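Read off the chains here:
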Amino acid sequence: MLRKEGKELVVVAAAGRNLGDAVHPIIEHAYANGCKSIRWHTRNPNHIRHGMANIDAKLVTKKRGIFHDEYVFRLEL
């Protein structure tokens, strides 16, 4: 799911094998809509690290949960 919060595009529940194929279209969408950054939320940080291996997204928050932890990455455009 994508949503825009001010000048930031937010990707919720980033996961899956095809994340690598979706990264560049998401970045293009963010640029086209005047976003300055993209924030990615995931339960599995390995999805972000592997799917975005050539992208400089930084881990900014780790939220501990009862059943799952949530990891938040940010890419400055």
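Asks: Quick one: what's the story with the overall build of the protein chain, residue by residue and with numbers?
Replies: When helices and strands are tallied, the protein chain shows two helices and five strands. Helices and strands appear in the protein chain in the N-to-C order β-β-α-β-α-β-β. For 77 residues, the compact-globule estimate of 2.2 N^0.38 gives 11 Å, and the C-alpha radius of gyration of the protein chain, at 12 Å, lies within 12% of that figure. For the protein chain, the spread of C-alpha atoms along the principal axes amounts to about 35 × 25 × 20 Å. Here the protein chain holds 77 residues, and the buried ones make up 35% of them. Considering only residue pairs separated by 6 or more positions, the protein chain has 63% of its internal contacts joining residues 24 or more positions apart.

Asks: How would you summarise the pattern of salt bridges if you had to cite specific residues and measurements?
Replies: If you walk through the whole model with that rule in mind, you get seven salt bridges. For Asp-56, the salt bridge goes to Lys-58, with nearest N and O atoms at 2.6 Å. The exposed category is assigned to Asp-56, whose relative accessible area is 52%. Exposure remark for Lys-58: the relative accessible area of 45% places this residue in the partly exposed category. Note that Asp-69 and Lys-62 form a salt bridge whose closest N and O atoms lie 3.8 Å from each other. Its relative accessible area of 19% is what places Asp-69 among the buried residues.

Asks: An account of the sheet that holds strand S5 (residues 70-76) is requested, with residue identities and associated values reported.
Replies: Within a beta sheet, neighbouring strands are joined by backbone hydrogen bonds and run either parallel or antiparallel to one another. Ordered by their spatial adjacency, five strands build an open sheet running S1-S2-S3-S5-S4, and the pairing between neighbours is mixed. The open sheet has two free edges, formed respectively by strand S1 (2-5) and strand S4 (58-63), since each of these has just one partner strand. When the angles between neighbouring strand axes are averaged without regard to direction, this sheet yields 25°. Bridge count between strand S2 (residues 8-11) and strand S3 (residues 37-42): four bridges; the pairing is parallel. By the bridge assignment, Glu-8 is partnered in S3 with Ser-37. Running over the sheet, helix H1 (residues 19-32) touches S1, S2, S3 and S5 and is turned about 145° from S3.

Parameters and conventions
- Residues numbered from 1 in each chain as written.
- Predicted model: local features only at pLDDT ≥ 70, side-chain atom pairs only at ≥ 80, totals over all residues.
- Heavy atoms only, no water.
- Helix = DSSP H or I, 4+ residues; strand = E, 2+ residues; numbered from the N terminus.
- Rg over C-alpha atoms; globule rule 2.2 N^0.38 Å.
- Buried < 20%, exposed > 50% of the residue type's maximum accessible area, 1.4 Å probe, protein only.
- Contact = heavy atoms within 4.5 Å.
- Salt bridge = Lys/Arg side-chain N within 4 Å of Asp/Glu carboxyl O.
- Pairing = 2+ DSSP bridges.
- Axes fitted to C-alpha atoms, helices over the stretch in contact; angles between N-to-C directions.

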